Amino acid sequence: MSSAAKDDILVDISDGHNHDEPNSPLIDQNKIPNDDTNDCPESSGVVNSHLDSSVLKGTSSGTPTRDQIEILTESQMELGKELEACEASSLLPPRHSEERRTRSLMQVLGGVEDSWEGGEGSVQIDTLGDVTPKHRHRSRSQGGVINQIKQDIKKQMTSVESLKKSDSVLSFSTDEVGNSSSASANVSESDSDYEYGDNSTNMSSSITDTMQKLKIMRSDSLISESDSDLEYVQSDDWKNKRKHVFVLSESGKPIYSRYGNEEKLVTVYGVMQALVSFIAHGGQRDVLKMIVAGDRRFVFLIKEHLTLVAVTSGEESVRHLHIQLNYVYNQILCVLTLTSLNKIFKDRVNFDLRRMLSGTEKFIDNLLNVIDRDPSYILGAVRCLPLQSSVRDTFTQTIVQCCSKVKDLVFAVVVSHNQLVSSVRMKKFILHSLDLHLLLNMVQSSDSFKTAESWLPVCLPKFDSSGFLYAYISYLDEPCNTCLLLLTVDSEHFPILSDCKTRIVERLNRYSCLQSIAESVSSHGYSTQQVGMPELWHFVYKSKSSGHMTSPEPTAPYVTDVQRHRLQDLYMSIHGRMHCAHRPLRILYQTYAYESILGWITQGFELYAVFSPLSDKKTAISTVYKLLRWIKREESRLFILNQSTF
């Protein structure tokens, strides 16, 4: 074939279609580049690349062997892996655009800008080695290692694919990059036109050199990122946090961190997963529960597909940290359901769960903040808003009258500032305190519920961890003191429940119930002075029959955040000692540097009372008896004594 004829040939090596035919679906004959295009080889058409095996069949010394093909294919795959690794290391942008990715790779490797222009009639080479017929015209600059890589990959793919499909030899003659602005492909009509063996060695060598460059760049990038991450982890601002909470998958993928960016804590997650795996695969099926390192404790909660870790320098016991981690785990289930979680990790073990939990991190953040200052979560009880029994009964009766005819309505709950006002349930179903805590946390964590009526799926893990209920959420008054939650199994009940809310508001306004809620909220509950026992500094009381708890608003000497944290730690400490699995206690009196505390557990209640450190045991016991009599008188105001049903 003459050299003049070579310039008139463009070869599509993606398939065996005849592109000379007018009806060819791969190219429009009217869009072939004109002769006046500077960078395009002069051409009036496209020559069919489907080779006749009877013409090209033979065993020339230039024919590639199977071993050579395997070597080139493996080299190509290795190059692809290195390029993907560079993408993962932020050396290259994601492959949203082939043009942008090609240009970026050139800049990384020091090559010359390679621009893609409009027009038809050329072959586009993917930087990972794929050959894609785009029927565009390409103008190429002089030099650049990327140009050579693309030429090499073009030769590999052409030789491999042609040999597999037609047992023929398809060879390319490429002009030197420094002497030509474009590369032309030539179909060999003779066995001896092209010696393949030497060129295959050159191609493998070129790819190997490029892979080494990519490895060096990726190594430098990883070292730089590793140094930055190490500085972040060792910073005082991050290390001095009182309590850290981490969530990771069983493969070590980061899911949640209470403080800091998960991307900068990858090494921390890797170490934690390594510790868990080392213990779990020790042959005894052991489970890692706790590690003590200096003044810090690392507590692990191992669930199916997830590992939760709490690191603290505070006074919380292992039991309390397990309770907190269990709340975090159930908060994740509240968003996803256990069935969805199992399905996700069954299909893809390395799945990044952060994509599914995006936007819900604030629920976990707020949950952990509330647990640190509210003992109701540790006691497993719900705090009730102090309210006159007549007002509470009006709320309950209004809900029953307005919602009793709604089919498939399971729960109706009224809350105010993270406290329970009233609740009504369907017969044979019980709303667990943990599920109610998750609902309270959801309402408190998001201000969007204050602007409009909301309708969203929510999973209550203790009620049914395998599916969703549909929650109608709406505030009943302008100051947003009172919030109504209606939970149903029917996803089409939003209009019906919205009408119910309108009728509920009308009736509550008629009896001034919403105004009573506002007054109770503004008074901040009650104080120990109202109890009438000056020697009593603070107390927490849980009614076991109702699952509700009450406590006064902290006053002196618990005014600052540090003092209130000390009080919370005190409750956790005494609670942990009394509920010790090895030696549970019914009554305990303990004197500390700043206060004394009495704990008392019976079949009907659980009480923790705090006194001055100068108080003796006799005074504490007599004061507790007076406190129990006061609670008995006020129990209709402090607790919900009767659970109403639809």
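Attention shifts here to the overall build of the protein chain. A tally of helices and strands in the protein chain yields 21 helices and 21 strands. For the protein chain, the proportion of its 646 residues judged to be buried stands at 49%. For the protein chain, long-range pairs separated by at least 24 residues make up 62% of all intrachain contacts whose partners lie at least 6 apart in sequence. Here the protein chain has roughly 31400 Å² of accessible surface; of this, 49% comes from carbon and sulfur atoms.

Bringing the sheet that holds strand β7 (residues 290-293) into the picture now. The antiparallel open sheet is built from 5 strands, whose spatial order is β6-β5-β9-β8-β7. Across the chains shown, the open sheet's two edge strands, defined by having one partner strand only, are β6 (254-257) and β7. Strand-to-strand twist in this sheet, taken as the mean axis angle between neighbours without regard to direction, amounts to 15°. Set on the sheet, helix α12 (residues 361-373) makes contact with β5 (243-249) and β6; between it and β6 the angle comes to about 40°.

Attention shifts here to the side chain of T398. Summarising the element assignment, T398 is placed in helix α14 (residues 389-403). T398 gets classed as buried once you look at its relative accessible area, which sits at 0%. When neighbours within four sequence positions are excluded, T398 is seen to be in contact with I504, R507 and L508.

Let's shift gears to the packing of α14 against helix α18 (residues 513-522). To describe two helices that pack against each other, one gives the angle between their axes and the distance between the axes. Packing of α14 against α18 brings their axes to within 10 Å, and their N-to-C directions diverge by 130°. Our classification of the angle between α14 and α18 gives oblique. As for the relative orientation of α14 and α18, their crossing is left-handed in sense. Contact residues: V391, T394 and F395 in α14; C513, L514, S516 and I517 in α18. In terms of residue class, the contact of α14 with α18 is built from 5 nonpolar, 2 polar and no charged.

Next up on the list: the nonpolar core. Note on soluble globular proteins: their nonpolar side chains tend to be buried together. Residues L485 and L487 are the most contacted members of the largest nonpolar core, which totals 37 residues. Of all hydrophobic cores here, the second largest spans 26 residues; its members include V421, Y472, L484 and L497.

When its volume is computed, the largest pocket comes out at roughly 1100 Å³. Lining of the largest pocket is provided by 43 residues; of these, R373, D374, R383, H417 and E553 occupy positions nearest its centre. Breaking the lining of the largest pocket down by element, the ones donating at least two residues are α12, β11 (409-416), α15 (433-445), α18, β16 (536-543) and α20 (561-578). Ranked by residue count, the leading element in the lining of the largest pocket is α20, at 6 residues. Among the residues forming the lining of the largest pocket, the class breakdown is 18 nonpolar, 16 polar and 9 charged. Volume-wise, the second largest pocket comes out at about 360 Å³. Contributing elements (two or more residues each) for the lining of the second largest pocket: β11, β12 (419-425) and α15. The element best represented in the lining of the second largest pocket is β12, accounting for 4 residues. Its residues assigned to classes, the lining of the second largest pocket shows 11 nonpolar, 9 polar and 3 charged.

Mapping C483 onto the fold places it in strand β15 (residues 483-488). Overall, the relative accessible area of 1% leaves C483 in the buried class. In this structure, the C-alpha to C-alpha distance between C483 and K450, residues 33 residues apart in sequence, is 8.8 Å.

Moving on: the packing of aromatic side chains. Two descriptors summarise a pair of aromatic rings, namely the distance from one centre to the other and the angle between the planes of the rings. By the definition in use, this model includes 14 aromatic pairs. Centre to centre, the rings of F246 and Y269 are 5.7 Å apart; their planes meet at 85°, and the pair counts as edge-to-face. With F246 in strand β5 and Y269 in helix α8 (residues 266-280), this residue pair connects regions lying 23 residues apart in the sequence. Pair check on accessibility: F246 and Y269 agree, each one buried. With 5.7 Å between their ring centres and 75° between their planes, W455 and F494 make a pair best called edge-to-face. Here W455, found in strand β13 (residues 454-458), pairs with F494, found in helix α17 (residues 494-510); they are 39 residues apart in sequence, far enough to count as distant. Accessibility expressed as a relative area gives 27% for W455, which makes it partly exposed.

Below, the discussion takes up the pattern of salt bridges. Across all of its chains, the model carries 13 salt bridges by this definition. Of the charged contacts, one joins K343 and D347 as a salt bridge, the two residues approaching to 3.2 Å between their closest N and O atoms. Of this pair, K343 and D347 are both found in helix α10 (residues 338-347), 4 residues apart, which corresponds to roughly one turn of the helix. For the pair formed by K343 and D347, the shared burial category is exposed. It is possible to trace a salt-bridge network through shared partners that takes in R242, K243, R258, E316, D372 and D569.

Assignment of secondary structure puts Y592 in the loop between β18 (587-591) and β19 (596-601). Here the alpha-carbon distance between Y592 and L570, two residues 22 residues apart in the chain, equals 9.3 Å. Not counting residues within four places of it along the chain, the set of residues in contact with Y592 comprises L570, S573, I597 and P613.

Bringing α17 into the picture now. Across its 17 residues, α17 extends 25 Å between first and last C-alpha, which sits within 8% of the 24 Å expected from 1.5 Å per residue. What α17 keeps buried is the set L497, S498, C500, K501, I504, V505, R507 and L508. Elements in contact with the buried residues of α17: α14, β11, β13, β14 (469-475), β15 and α18. Just downstream of α17 lies S512, where phi reads positive at about 55°.

Looking now at the sheet that holds β11. In space, the 6 strands of this open sheet follow the order β13-β14-β15-β11-β12-β21, with mixed pairing throughout. The open sheet has two free edges, formed respectively by β13 and β21 (644-645), since each of these has just one partner strand. Direction of pairing for β14 relative to β15: antiparallel, over a ladder of 6 bridges. In the strand pairing of β15, A471 is matched with L487. Where α17 meets the sheet, it contacts β11, β13, β14 and β15, and its direction lies at approximately 35° from that of β14.

Each value, and the rule that gives it
- Residues numbered from 1 in each chain as written.
- Predicted model: local features only at pLDDT ≥ 70, side-chain atom pairs only at ≥ 80, totals over all residues.
- Heavy atoms only, no water.
- Helix = DSSP H or I, 4+ residues; strand = E, 2+ residues; numbered from the N terminus.
- Buried < 20%, exposed > 50% of the residue type's maximum accessible area, 1.4 Å probe, protein only.
- Contact = heavy atoms within 4.5 Å.
- Areas by Shrake-Rupley, 256 points an atom, 1.4 Å probe, with all protein chains shown as cover.
- Pairing = 2+ DSSP bridges.
- Axes fitted to C-alpha atoms, helices over the stretch in contact; angles between N-to-C directions.
- Parallel < 35°, antiparallel > 145°, perpendicular 65-115°, else oblique.
- Left-handed = near helix turned anticlockwise from the far one by under 90°.
- Nonpolar A, V, L, I, M, F, W, Y, C, P; charged D, E, K, R; others polar.
- Core = buried A, V, L, I, M, F, W, Y, C linked by side-chain atoms within 4.5 Å.
- 1 Å grid on protein atoms, 1.4 Å probe; cavity = no way out; pocket = protein on both sides within 12 Å on 5 of 7 lines; lining within 4 Å.
- Points joined across faces, edges and corners; volume = space filled by probe spheres on them.
- Phe/Tyr/Trp six-rings, centres within 6.5 Å; stacked < 30°, edge-to-face > 60°.
- Salt bridge = Lys/Arg side-chain N within 4 Å of Asp/Glu carboxyl O.
- Expected span 1.5 Å × (residues − 1).

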